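# A look at the structure
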Amino acid sequence: QVQLVESGGGLVQSGGSRRLSCVASGSIFSDYSLAWYRQPQGEQRELVATIVPSRNTTYIGSVKGRFTISRDNAKNMVFLQMDSLKPDDTAVYFCNAYRLTYNGRFEEYWGQGTQVTVFS
C-alpha cells in the first residue's frame, strides 16, 4: 500500500514557475514508476510526465522544455518543476505511483490532487 500527498499548488502569474511535491509512504518507493497527471475543470485527466525507477522520463508535448519531473528515493518524493507557466496549465495536478509486481499484478495509487491556477 502506498499513500501519496501532494503539495505546492497555488496561484501563479503567466510566465512564472511552480514546484509541486509529492511524498509517498507505506512501501518501497524506488520500485515504483511515478507520474504527474492533471485535470482541468470539466475535462479529462491527462498524463503530464513520468519517471521510471531508472530515472528515464517522458513528457507530453505541451510541457516539454517547460516542466521537469524528478524523484528523490531517499526522501520518498517526486517533484514537478513547472516553468514558463501558461493559463492552459491551470488544472488539478495529481501524483501517481504504479508498478507491476513480481506475480504480474498491477498496482496503482493516487494522491488527492493540488490545484494550480495560472493567471495572465
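Structure's up top.
Described below are features of the structure shown in this document.

Cut-offs used in this document
Residues numbered from 1 in each chain as written. Predicted model: local features only at pLDDT ≥ 70, side-chain atom pairs only at ≥ 80, totals over all residues. Heavy atoms only, no water. Helix = DSSP H or I, 4+ residues; strand = E, 2+ residues; numbered from the N terminus. Buried < 20%, exposed > 50% of the residue type's maximum accessible area, 1.4 Å probe, protein only. Contact = heavy atoms within 4.5 Å. Lys, Arg positive; Asp, Glu negative; His and termini not counted. Charge placed at Lys NZ, Arg CZ, Asp CG, Glu CD. Pairing = 2+ DSSP bridges. Axes fitted to C-alpha atoms, helices over the stretch in contact; angles between N-to-C directions. Phe/Tyr/Trp six-rings, centres within 6.5 Å; stacked < 30°, edge-to-face > 60°.

## Some thoughts on the overall build of the protein
A count of helical and extended segments in the protein gives zero helices and eleven strands. The order of helices and strands in the protein, counted from the N terminus, is β-β-β-β-β-β-β-β-β-β-β. Projected onto its principal axes, the C-alpha coordinates of the protein cover approximately 50 × 25 × 25 Å. Across the 120 residues in the protein, those meeting the buried criterion constitute 40%. Taking the contacts inside the protein whose residues are at least 6 apart along the sequence as the reference set, 54% of them involve residues at least 24 apart. Computed over 12 positive and 10 negative side-chain charges, the separation of the two mean positions in the protein equals 4 Å.

## Focus: the sheet that holds strand β3 (residues 18-25)
One open sheet holds the four strands; their spatial order is β1-β3-β8-β7, and the pairing between them is antiparallel. The strands lining the two open edges of the sheet, one partner per strand, are β1 (3-7) and β7 (67-72). Within this sheet the neighbouring strands show an average axis-to-axis angle of 15°, counted without direction. With six bridges joining them, β7 and strand β8 (residues 77-82) adopt antiparallel strand pairing. Bridge assignment links Thr68 to a residue of β8, and that residue is Gln81.

## What to know about the packing of aromatic side chains
All told, the structure shown has four aromatic pairs when counted by the stated rule. Ring geometry for Phe94 against Trp110: centres 6.4 Å apart, planes inclined by 85°, an arrangement best described as edge-to-face. Taken together, the residues Phe94 in strand β9 (residues 91-100) and Trp110 in strand β10 (residues 106-110) connect sequence positions 16 residues apart. Look at Tyr98 and Phe106: their rings are 6.2 Å apart centre to centre, the planes differ by 40°, and that puts the pair in the tilted class. Among the residues examined, Tyr98 registers a relative accessible area of 23% and is labelled partly exposed. Judged by relative accessible area, Phe106 falls into the partly exposed class, the value being 49%. Taken together through their ring pairs, the aromatic side chains of Tyr37, Phe94 and Trp110 make up a single cluster.

## Concerning unusual backbone geometry
The backbone of Asn76 shows a phi angle near 55°, a positive value even though the residue is not glycine. Here the phi dihedral of Ser84 falls at roughly 50°; this positive angle occurs in a residue that is not glycine. Assignment of secondary structure puts Ser84 in the loop between β8 and β9.

Read these as layout, nothing more, since geometry by itself doesn't imply function.
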